[in-house]
Amino acid sequence: MSKIKIKSGTGFAGLKIQLMKYRQIYMVCDRNVSEYARKISTSYPLLQIDATEERKNMDQVLEICRWLLSQGADRGAMVLAIGGGVTTDLVGFAASIYMRGVRYANVPTTLLGQVDAGIGGKTGVNFQSYKNMLGVIRQPEFTWIVSDTLKTLPPKQFYSGAAELLKTFIIKDPHSYEDAVSVLSTTKELDSLKPLIARAAKIKASIVSRDENEKGLRRVLNLGHTWGHAIEWYQRTHPGTGDFSHGEAVAIGIIQAAVKSEELKLASPGLSDKLKADFAACGLPTQLPFPIEELQEAMHKDKKSEDSAINYVLIRRIGKVTVKKI
Ligand code: GLY
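Residues numbered from 1 in each chain as written. Predicted model: local features only at pLDDT ≥ 70, side-chain atom pairs only at ≥ 80, totals over all residues. Heavy atoms only, no water.

**Describing the overall build of the protein**
Here is step 1: Looking only at helices and strands, one finds 12 helices and 11 strands in the protein.
Here is step 2: Relative to its length of 326 residues, the protein is compact, with a C-alpha radius of gyration of 19 Å against a globular reference of 20 Å.
Here is step 3: Across the 326 residues of the protein, 57% fall into the buried class.
Here is step 4: In the protein, once contacts between residues fewer than 6 apart in sequence are set aside, the share between residues at least 24 apart is 72%.
Here is step 5: By element, 51% of the accessible surface of the protein is carried by carbon and sulfur atoms, the whole surface being about 13,900 Å². (Helix = DSSP H or I, 4+ residues; strand = E, 2+ residues; numbered from the N terminus. Rg over C-alpha atoms; globule rule 2.2 N^0.38 Å. Buried < 20%, exposed > 50% of the residue type's maximum accessible area, 1.4 Å probe, protein only. Contact = heavy atoms within 4.5 Å. Areas by Shrake-Rupley, 256 points an atom, 1.4 Å probe, with all protein chains shown as cover.)

Okay, here's the thing in structure tokens:
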């Protein structure tokens, strides 16, 4: 059982103290959040990257490795990833292969990063139009959640993270789910969200620490991702058809999972209607936007398919999910 370390604070003070433990620190940040990197330090070397899904590829990983080499980073290096899920995935992967692996830590600056992508050690890049097709699982030294970074988060990214927050509570915590719906459908205040973010991060860490390599339990975290990844694949391969964020695609996928769970009589009737109403109130999409046959084709190619079966995460009730091979 691996220990997943998550720390949090409103600002950067605690993180700065933590970093004093390391001899060689290299910061890699999403260009859009370089102000946060500078708040952490003006003296650590800093590389700014374009952290977009289109540029989440091996070229960019090699660029980070080239930069580390040019800076003289050796096996004692510690690489700090500052940004959203694309940044932490790219930097974590580069750190995992540079000199056969150096330490890295995540400072996720998006809601999605703070409750999901920045925790649990999944790193990697997109390949041949499939998401996260190449990568490794390697735990960061720690994930440091700085809630102030959410103050400047664009709405689209906020909703993307909101979906993953709700997903986590549908998996494990019905009370927090209701609390989250109540905050997200009304004020969206950061002060009310902070304890929910901490709770979701803790749930994720606890699941990952029991099944780091996704052989069983961790699969529950893919709730909504079977359809979600297919929606993302469709809009990548059919430019101009849609602009759903990862979380929005996952939200639609969760509704599909609820519908399927009712069809299979795993869930009581009404679950999907409740989730639809909650998600809509929180500003999330709920309807499948593309032809079902084409989405099904993408699903079979998704890396979550094993021996031509899909590990489909179904919902028994809010707070309890189950994985079935379909
Ligand atoms: N995002 C799902 C996981 O980390 O397993």
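Still more ground to cover, so stick around.
**Quick look at the packing of helix α6 (residues 155-172) against helix α10 (residues 246-263)**
Here is step 1: For the pair α6 and α10, interaxial distance at closest approach is 7 Å and the crossing angle is 40°. In terms of orientation, α6 and α10 fall into the oblique class. Our pair here, α6 against α10, has a crossing hand that is left-handed. Contact with α6, carried on its side by Lys156, Ser160, Ala163, Glu164, Lys167 and Ile170, involves His246, Gly247, Glu248, Val250, Ala251 and Ile254 of α10 and no other residues of that element.
Here is step 2: Each residue belonging to the contact of α6 with α10 can be placed in one class, and the counts come to 5 nonpolar, 3 polar and 4 charged. (Axes fitted to C-alpha atoms, helices over the stretch in contact; angles between N-to-C directions. Parallel < 35°, antiparallel > 145°, perpendicular 65-115°, else oblique. Left-handed = near helix turned anticlockwise from the far one by under 90°. Nonpolar A, V, L, I, M, F, W, Y, C, P; charged D, E, K, R; others polar.)

**Brief notes about α10**
Here is step 1: Between its first and last C-alpha atoms α10 spans 26 Å; for 18 residues at 1.5 Å apiece the expected length is 26 Å, and the two agree.
Here is step 2: When you tally the buried positions in α10, you get 15 out of 18 residues, the bulk of the element.
Here is step 3: Positive phi shows up at Lys265, right after α10, with a value of about 60°. (Expected span 1.5 Å × (residues − 1).)

**Some remarks on the pairing of strand β5 (residues 103-108)**
Here is step 1: Counted residue by residue, β5 has 5 buried out of 6 residues, so it is predominantly covered.
Here is step 2: The sheet contact formed by strand β4 (residues 77-83) and β5 spans 6 bridges and is parallel. Looking at the pairing, Gly83 lines up with Pro108 of β5. (Pairing = 2+ DSSP bridges.)

**Focus on the site of the ligand**
Here is step 1: Close contacts around the ligand come from Asp116, Lys122, Lys204, Glu214, Arg218 and Leu221, and that covers them all.
Here is step 2: The side chain of Lys204 places a nitrogen or oxygen atom 2.5 Å from an oxygen atom of the ligand.
Here is step 3: Alone, the ligand offers 200 Å² of accessible surface; in the complex the protein occludes 90% of this.
Here is step 4: Among the residues making up the shell around the ligand, the classes are represented as 1 nonpolar, no polar and 5 charged. (Near = heavy atom within 4 Å. Polar contact = N/O pair within 3.5 Å; in protein donor to acceptor, adjacent residues only side chain to side chain.)

**A look at the packing of helix α7 (residues 174-184) against helix α8 (residues 190-210)**
Here is step 1: Where α7 meets α8, the axes come as close as 10 Å, and the angle between the chain directions of the two elements is 145°. The interaxial crossing formed by α7 with α8 has left-handed handedness. Each of Ser176, Asp179, Ala180, Val183 and Leu184 in α7 lies in contact with α8, whose residues at this interface are Ser192, Leu193, Leu196 and Arg199.
Here is step 2: Class assignment for the residues of the contact of α7 with α8 results in 5 nonpolar, 2 polar and 2 charged.

**Some remarks on the state of the cysteines**
Here is step 1: Counted according to the given criterion, the structure contains 0 disulfides.
Here is step 2: For Cys29, which is in no disulfide, the shortest distance to another cysteine sulfur is to Cys65 and amounts to 17 Å.
Here is step 3: Overall, the relative accessible area of 13% leaves Cys65 in the buried class. (Disulfide = S-S within 2.5 Å.)

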